[in-house]
Amino acid sequence: MQQSRPSKHAPTVSPERERKGYCQGNIDKCTNEPCPMFGTLGRADRRGVRRVRGCADPAARGRRNRTKGDSKARRARKKLGLGGHLTRHEENWGGAFRTEIKAGAQVGPIATRFQAAKAQSDAAKALGDIRPFVMVAMPDGTSKGIVLMDLDDFSEIVSLLTADKE
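Residues numbered from 1 in each chain as written. Predicted model: local features only at pLDDT ≥ 70, side-chain atom pairs only at ≥ 80, totals over all residues. Heavy atoms only, no water.

Structural notes on the overall build of the protein chain
Here's step 1: Each helix and strand counted, the protein chain has 3 helices and 4 strands in total.
Here's step 2: Along the protein chain, helices and strands appear, N-terminal first, in the series β-β-α-α-β-β-α.
Here's step 3: In the protein chain, the share of contacts with a sequence separation of at least 24, taken over all contacts with a separation of at least 6, comes to 32%. (Helix = DSSP H or I, 4+ residues; strand = E, 2+ residues; numbered from the N terminus. Contact = heavy atoms within 4.5 Å.)

Structure follows, in structure tokens:
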């Protein structure tokens, strides 16, 4: 008896290489309404679990949050010209100042206030004024202020300050 060859239109795929399927995340802790979700499966984690993009399993959500934070921190570190490219820990970056990078929803209210203050300042800005915008927040109960400014403007100022030392 002659063995049949698989059709070129229907390739045989092992179960661990399937592209589409149901999410294999923790169904009990998932906060998505249609759980398990059906869609394109990602790569397997170290336990062999493959999830669909957007899985609300706490482990997947935590991994996404950490990846997003690491990505933003990496971009900020490069713009500021800081060392420590082999570590995600800002404490080990070195440089002229200590750094803590925040990203995601927790930064939303800060960004909203900063953009509103910048818009107010831009509306009253004189023609030809090229000074960078700096927002200083003065919380109640303290005489110390918090300085906020655009990362590009800050990196320019830092490069000017470090160039003067050399």
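Regarding the pattern of salt bridges
Here's step 1: In the structure shown here, the tally under the stated rule is 5 salt bridges.
Here's step 2: The closest approach of N and O atoms between lysine 102 and glutamate 100, which form a salt bridge, is 3.8 Å.
Here's step 3: Ionic pairing is found between lysine 118 and aspartate 122, a salt bridge with its closest N-O pair at 3.2 Å. Here lysine 118 and its partner aspartate 122 are both found in helix α2 (residues 108-123), 4 residues apart, which amounts to about one turn of the helix.
Here's step 4: Here aspartate 122 falls in the partly exposed class, since its relative accessible area comes to 35%. (Salt bridge = Lys/Arg side-chain N within 4 Å of Asp/Glu carboxyl O. Buried < 20%, exposed > 50% of the residue type's maximum accessible area, 1.4 Å probe, protein only.)

Some remarks on the layout of surface pockets
Here's step 1: In this model, the largest pocket occupies a volume close to 1,200 Å³.
Here's step 2: Counting only elements with at least two residues in the lining of the largest pocket, the list comes to α1 (58-80), α2, β4 (146-149) and α3 (151-165).
Here's step 3: For the lining of the largest pocket, the element with the highest residue contribution is α1, accounting for 5 residues.
Here's step 4: Looking at side-chain class alone, the lining of the largest pocket contains 15 nonpolar, 5 polar and 7 charged residues.
Here's step 5: Top element by residues in the lining of the second largest pocket is α1. It accounts for 4 residues.
Here's step 6: Of the residues belonging to the lining of the second largest pocket, the class tally is 6 nonpolar, 4 polar and 7 charged. (1 Å grid on protein atoms, 1.4 Å probe; cavity = no way out; pocket = protein on both sides within 12 Å on 5 of 7 lines; lining within 4 Å. Points joined across faces, edges and corners; volume = space filled by probe spheres on them. Nonpolar A, V, L, I, M, F, W, Y, C, P; charged D, E, K, R; others polar.)

Here we look at a nonpolar patch on the surface
Here's step 1: Nonpolar side chains collect at one region of the surface, where Val134, Val136, Met138 and Val147 lie side by side and expose about 360 Å² of accessible area between them.
Here's step 2: For valine 134, a relative accessible area of 38% translates into the label partly exposed. (Patch = residues over 30% accessible without salt bridge, like charges linked within 9 Å, V, L, I, M, F, W, Y side chains within 5 Å. Areas by Shrake-Rupley, 256 points an atom, 1.4 Å probe, with all protein chains shown as cover.)

Description of the nonpolar core
Here's step 1: Listed in full, the 6 residues of the largest apolar core are Ala73, Ala76, Leu80, Leu82, Trp93 and Ile101.
Here's step 2: The contact partners of isoleucine 101, leaving out residues within four places of it in the chain, are Lys72, Ala73, Ala76, Glu90 and Trp93.
Here's step 3: Ranked by size, the runner-up nonpolar core spans 5 residues in total, among them Cys23, Val52, Cys55 and Ala60. (Core = buried A, V, L, I, M, F, W, Y, C linked by side-chain atoms within 4.5 Å.)

Topic: the environment of cysteine 35
Here's step 1: Take cysteine 35: it is sitting in the loop between β1 (20-22) and β2 (38-40).
Here's step 2: For the pair cysteine 35 and glycine 25, spaced 10 residues apart in sequence, the C-alpha separation works out to 9.2 Å.
Here's step 3: Not counting residues up to four positions away in its chain, the partners in contact with cysteine 35 are Ile27 and Cys30.

Quick look at the confidence of the model for the protein chain
Here's step 1: When the pLDDT values of the protein chain are averaged, the result is 80; 88% of them are 70 or greater.
Here's step 2: Averaged over each element, pLDDT in the protein chain is lowest for β2 (78) and highest for α2 (94).
Here's step 3: Contacts for the low-pLDDT stretch residues 3-7, under 50 throughout, to residues beyond four places or in other chains number 1 contact.
Here's step 4: Ignoring residues within four places in sequence, the model shows residues 9-13, a span with pLDDT below 50, making 2 contacts including any to other chains. (pLDDT = per-residue confidence, 0-100.)

As for a positive patch on the surface
Here's step 1: On the surface, Lys68, Lys72, Arg74, Arg75 and Lys78 cluster together to form a positively charged patch.
Here's step 2: Mapped onto the elements of the fold, arginine 74 is located in helix α1. (Lys, Arg positive; Asp, Glu negative; His and termini not counted. Charge placed at Lys NZ, Arg CZ, Asp CG, Glu CD.)

Section: α1
Here's step 1: In this model α1 runs 33 Å from its N-terminal to its C-terminal C-alpha over 23 residues, within 8% of the 33 Å that 1.5 Å per residue would give.
Here's step 2: Every buried residue belonging to α1 is among Ala60, Asp70, Ala73, Ala76, Arg77 and Leu80, and all of these are buried.
Here's step 3: Following α1 by one or two positions, glycine 81 has its phi on the positive side, about 70°. (Expected span 1.5 Å × (residues − 1).)

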